[in-house]
Amino acid sequence: MNSAPLAGIDIDIVIQEAALKIDPTADLLDVIISETPGLLTVLPILYVAWADGELSPEELHSIRQKLQEKEWFSSKEKASIARWLDPDRPPSPQLLNAWLKVIRAHSDEIDPAVRRSLASWGIEIAQASAHTEAEHLADPKTQTALEEIESILGILSNEAVREILTDATALHRDEPFGESSLDVVAMNRLLEGEHHELMHDLFAILSRPEFQYPYDIKNDDYREKVLSWCQILAEKDYGKLSFPEAYGGKEDTAAFVTAFQTIAYHDLSLVVKFGVQFGLFGGSVYNLGSEHHHEKYLADIGSMALPGCFAMTEIGHGSNVRDIETTATYDADSDSFIIHTPHENARKAYIGNAAAHGEMATVFAQLEIGENNYGVHAFVVPTRDKKGMPLPGIQIEDHGHKLGLNGVDNGMISFDQIKIPRENLLDRFAQVNEDGIYHSEINSASKRFFTMLGTLVGGRVSIAAAALSAAKSALTIAVRYAGQRRQFGPAGAPETLLLDYPSHQRRLLPQIASAYALDFAVKKLVADYTANAAAPSREVETLAAALKAYSSWHARDVIQECRECCGGAGYMANNRFANLKADTEIFTTFEGDNMVLMQLVAKGRLTEYKHQFHNMKLFGLLKYVISQSGKKLAEMNALVTRMTDPEHLRDVDFQMGAFEFREHHLLVTVARRLKKRLDDGMDSYQAFMECQNHLINMAHASVEREILEAFIAGIASVEDEDLKRMLKTLRSLFALYRIERDKGWFMENGYIEEGKSKAIRKEVARLCREIQPDAINLVNAFGIPDSLLAAPIAMGTDA
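From a predicted model like this one, the values you see are computed outputs, not experimental measurements.

So, how was this worked out
Residues numbered from 1 in each chain as written. Predicted model: local features only at pLDDT ≥ 70, side-chain atom pairs only at ≥ 80, totals over all residues. Heavy atoms only, no water. Helix = DSSP H or I, 4+ residues; strand = E, 2+ residues; numbered from the N terminus. Contact = heavy atoms within 4.5 Å. Expected span 1.5 Å × (residues − 1). Buried < 20%, exposed > 50% of the residue type's maximum accessible area, 1.4 Å probe, protein only. Axes fitted to C-alpha atoms, helices over the stretch in contact; angles between N-to-C directions. Nonpolar A, V, L, I, M, F, W, Y, C, P; charged D, E, K, R; others polar. Pairing = 2+ DSSP bridges. Phe/Tyr/Trp six-rings, centres within 6.5 Å; stacked < 30°, edge-to-face > 60°. Lys NZ or Arg CZ within 6 Å of the ring centre and 35° of its normal. pLDDT = per-residue confidence, 0-100. Parallel < 35°, antiparallel > 145°, perpendicular 65-115°, else oblique. Left-handed = near helix turned anticlockwise from the far one by under 90°. Patch = residues over 30% accessible without salt bridge, like charges linked within 9 Å, V, L, I, M, F, W, Y side chains within 5 Å. Areas by Shrake-Rupley, 256 points an atom, 1.4 Å probe, with all protein chains shown as cover. Salt bridge = Lys/Arg side-chain N within 4 Å of Asp/Glu carboxyl O. Lys, Arg positive; Asp, Glu negative; His and termini not counted. Charge placed at Lys NZ, Arg CZ, Asp CG, Glu CD. Polar contact = N/O pair within 3.5 Å; in protein donor to acceptor, adjacent residues only side chain to side chain. Core = buried A, V, L, I, M, F, W, Y, C linked by side-chain atoms within 4.5 Å.

**A look at the overall build of the protein chain**
Part 1: What the protein chain contains, in helices and strands, is 34 helices and 11 strands.
Part 2: A fraction of 76% describes how many contacts in the protein chain between residues 6 or more apart in sequence connect residues 24 or more apart.

Below, the structure is given as structure tokens:
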């Protein structure tokens, strides 16, 4: 490739002319650089830095200054380097391509598997191509000086060498999306778990012709179709799965959650209808009632002979259940309770099954006996007769058309002095006898209230699972489409697959990793919850609140990203994104507004060390939290905060350590802020108000730590080494992508430095490239039948 030297040529002019050519000739640059081998020593560093596009003017100035101090560069070489480091005149793409050709041409004998820095590689290239001996190239000080410059750039040396030596022809391949080594069947079996037969039985039902998705359907017709679907499932006893065997059930709460999660791969109006009838209405009777309630209602609820609803939310109070204003006043003369709505803002609002189908409601109201208020309790209240007409004193208003879930008949209910038998009080935790005497084994009204609500945590568990199913559906559609849709490409070559674009990979593949991470976290939540569903622990309640919020936010964001990744095709209703997006929006606010739930998570974390928190000096609090995280101060030393090699970044201890450090640092600092305010005499409510944003950030860090922890534990239990290897790669992508998204916080708090932040960003991109060949099989492993996906663009056809 080398030609005779061209004497008398101004190197800068030649480089400028070459850069302006459509296809600059690498031979000409090679000839020039052969006379000035010093330039080759820095060419790999400059190529990687410019190609990455992350050089700041300050970095350029620092590098230029350091290079100009080196005596071994000639004045001509220094002038050329200064030109190449001019932030106002960056190298053109054509010139970068010419550099790449020169570097590769002089690297025929270099083994990319051998670890080396860009600095040492540049010296090797210069030595191999120099016409005369250059003593400074053999001087160790030269490599040290160049490596100092390399460190300024934050470059992952060995990986950069490997990338440059790899011919990047994949973007222009003619073949369909590449082969994957992933065993889809094995991964699917792992994800489906012990209830895979139940899932496939449900898939078979949901794939029947009568379950085909309706489009352009009127609300009333849609509601009736969803009702008929729900009745079909009830006939198969799916609604009774968590009920006792005496009432046709299997007492298998985990199976019920699995059924709920599986139905969520289908129409989300159906899953909400199913959840309201069997999970909320049936679940409240089962969990809050006594044996006589079970005998009277559960069998009919499970068969849908008694359609019902769950009337907790009021229009004026939303998520604030404690302060609802519907009253249940005991009337001694008739031995009954009188349910009453005192004003319009106390109407029960957004109630599923209320507007058209519900015949009974579990109504939450303030229990009053004489002058005493005993707080919120639950009552079963008939609302309609068998002809579908509201009973006297019951006013029902139809919410009409909504943003989504229009197959569910949401409405408002108000009560005008409705008299119900005393036995209609769901009295598991509190009883009122015929003399009007109130009794409860739980003396504290506050504890009684939270105990009652705790039994209903299954709704949040189910929403976390259903939101994940919706996200998986969106990912499967978008990734399949990206594996077959081509867009743009070099002149004369096939257009490029969407999934071959690094930007597209970054938009979708970290979301796949997040879906897998959430899958393991939700499985853990379900296992913990079902171990004692009748009386879940505070830890389970906190985790359910955390994952309900996180999973529903994740679904919202994933569905939007997937829709955008499919362009105009994603905007077509028959490709499912419209309904997925509209129907999951409410997941972020029902069963508890996500922001409220995250505050509950924060309070739960603070409660875990409540005994240390009171009257504790800052040092003691710090010592406690650090001991809980298990982190050593050595992790904050300069060496660790700067480590950038892939082995370190992919190490599970680094990833878990970063998540734990963030959570516990936020916990320490918010505890300190709260304690100071309380010590100064501020009431606790105001103290929490002033620290609210800090608390929510801490809660977010806590739930991500919980997810990563569950992912790690789940991977450890996998016996198949190939699956385990893939899951570890997904774990690294999930963890590093989350660290990257919060890199500002980590840098502000000294956990990582600028170079490491850049290294993490590059490692995320590298992980995306690694996962790309398996992307389609990773979403296929979710096991969603094509009949449920039902999106033409996911089947290889046009929108």
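After that view of the structure, there is still more to cover.
**A look at helix α18 (residues 458-482)**
Part 1: Helix length check: α18 (25 residues) gives 36 Å between terminal C-alpha atoms against 36 Å at 1.5 Å per residue, within 8%.
Part 2: Taken across its 25 residues, α18 has 24 buried, putting it largely inside the fold.

**Things to note about the packing of helix α11 (residues 184-192) against helix α19 (residues 502-530)**
Part 1: For the pair α11 and α19, the least separation of the axes is 10 Å and the interaxial angle reads 35°. Between α11 and α19, the contacting residues are M187, L190 and L191 on the first element and Y516, D519, F520 and K523 on the second.
Part 2: Broken down by class, the residue content of the contact of α11 with α19 amounts to five nonpolar, no polar and two charged.

**Some words on the pairing of strand β2 (residues 327-331)**
Part 1: Across five bridges, the pairing between β2 and strand β3 (residues 336-340) is antiparallel. By the bridge assignment, D331 is partnered in β3 with S336.
Part 2: What sits between β2 and β3 in their antiparallel hairpin is a turn of four residues, with D335 showing a positive phi close to 50°.
Part 3: As defined by bridge partners, β2 adjoins strand β5 (residues 360-369) across three bridges and the pair is classed as parallel. Following the sheet pairing, T329 is matched in β5 by E368.

**Description of the sheet that holds strand β8 (residues 411-415)**
Part 1: Strand order in the open sheet formed by three strands is β4-β8-β7, with antiparallel pairing between adjacent strands. Here the strands that pair on one side only, and so sit at the sheet edges, are β4 (348-351) and β7 (394-398). Across this sheet, the average inter-strand angle for adjacent strands is 20°, counted without regard to direction.

**Here's the deal with the packing of aromatic side chains**
Part 1: Enumeration over the complete set of coordinates arrives at 18 aromatic pairs.
Part 2: For the ring pair F310 and F364, a centre distance of 5.1 Å and an interplane angle of 65° mean the geometry is edge-to-face. Of this pair, F310 sits in strand β1 (residues 308-311) while F364 sits in strand β5; the two residues are 54 residues apart in sequence, bridging distant segments of the chain.
Part 3: On the basis of relative accessibility, which here comes to 12%, the residue F310 falls in the buried class.
Part 4: Relative to F746, the ring of W745 has its centre 5.3 Å away and its plane inclined at 90°; by these criteria the two rings are edge-to-face.
Part 5: Pairwise contacts between aromatic rings join F661, W745, F746 and Y751 into one cluster.
Part 6: When the ring centre of F688 is taken as origin, the NZ or CZ atom of K603, which lies over that ring, is 5.5 Å away.
Part 7: When the ring centre of F659 is taken as reference, the NZ or CZ atom of R662 above it lies at 5.2 Å.

**A closer look at the confidence of the model for the protein chain**
Part 1: Counting all residues, the mean pLDDT for the protein chain is 85, and 83% of those residues have values of 70 or more.
Part 2: Predicted confidence for residues 167-177 stays below pLDDT 50, and this span has 24 contacts to residues more than four positions away or in other chains.
Part 3: Here residues 628-634 is a poorly scored stretch, pLDDT under 50, and it has eight contacts once near neighbours within four places are set aside; other chains count.

**Considerations on the packing of α18 against α19**
Part 1: At a minimum axis separation of 10 Å, α18 and α19 run at an interaxial angle of 155°. Considered as vectors, α18 and α19 are oriented roughly antiparallel to each other. Along this stretch, α18 crosses α19, giving a crossing that reads as left-handed. Where α18 approaches α19, its residues G458, V461, A464, A465, L468, K472, L475, A478, V479 and A482 are matched on the opposing element by H504, L508, Q511, I512, A515, L518, D519, V522, L525, V526 and Y529.
Part 2: Classifying every residue of the contact of α18 with α19 gives 16 nonpolar, three polar and two charged.

**Description of unusual backbone geometry**
Part 1: At Y350, a position not held by glycine, the phi torsion is positive, near 65°.
Part 2: Residue position: Y350 is located in strand β4.
Part 3: Phi at E591 is positive, roughly 60°, even though this residue is not glycine.
Part 4: Relative to the helices and strands, E591 is located in the loop between α21 (577-584) and α22 (594-607).
Part 5: For E591, a relative accessible area of 22% puts it in the partly exposed group.

**A word on a negative patch on the surface**
Part 1: A surface patch of negative charge is lined by D183, E719, D720 and E721.
Part 2: Inspection of the secondary structure puts E719 in the loop between α29 (692-716) and α30 (721-741).
Part 3: Given the relative accessible area of 74%, E719 is considered exposed.

**So, the side chain of T476**
Part 1: For T476, the position within the fold is in helix α18.
Part 2: Residue T476 is classed as buried on the basis of its relative accessible area of 1%.
Part 3: Not counting the four nearest positions on each side in its chain, T476 is found in contact with V779, N780, F782, I784 and L789.

**With respect to α22**
Part 1: Here α22 contains 14 residues, and its C-alpha end-to-end distance of 20 Å stays within 8% of the 20 Å for a straight helix at 1.5 Å per residue.
Part 2: For α22, the full list of buried residues reads N594, L597, M598, V601, A602, G604, R605 and L606.
Part 3: With a side-chain oxygen lying 2.9 Å from the backbone nitrogen of M595, the N-terminal cap of α22 falls on D593.

**Re the environment of D528**
Part 1: By secondary structure assignment, the location of D528 is in helix α19.
Part 2: Looking at D528, the relative accessible area reads 32%, which means it is partly exposed.
Part 3: The residues contacting D528, other than those within four sequence positions of it, are V540 and L543.
Part 4: Polar contacts involving the side chain of D528 include one to the side chain of K524, which spans 2.7 Å.

**Here we look at the nonpolar core**
Part 1: One finds F364, I512, Y516 and L730 to be the most contacted residues of the largest nonpolar core, which totals 180 residues.
Part 2: The dominant element in this core, judged by the number of residues it contributes, is α18, at 16 residues.
Part 3: The contacts of Y516, once residues within four sequence positions are left out, are M187, L191, F711, L727, L730, L778, A781 and F782.
Part 4: Among the nonpolar cores identified, the runner-up in size contains 26 residues, and V42, I45, Y47 and V102 belong to it.

**Observations regarding the pairing of β1**
Part 1: Of the two faces of β1, both are covered, the one formed by G308 and F310 as well as the one formed by C309 and A311.
Part 2: By the bridge criterion, four bridges tie β1 to β5 in an arrangement that is parallel. Paired with F310 across the bridge in β5 is T362.

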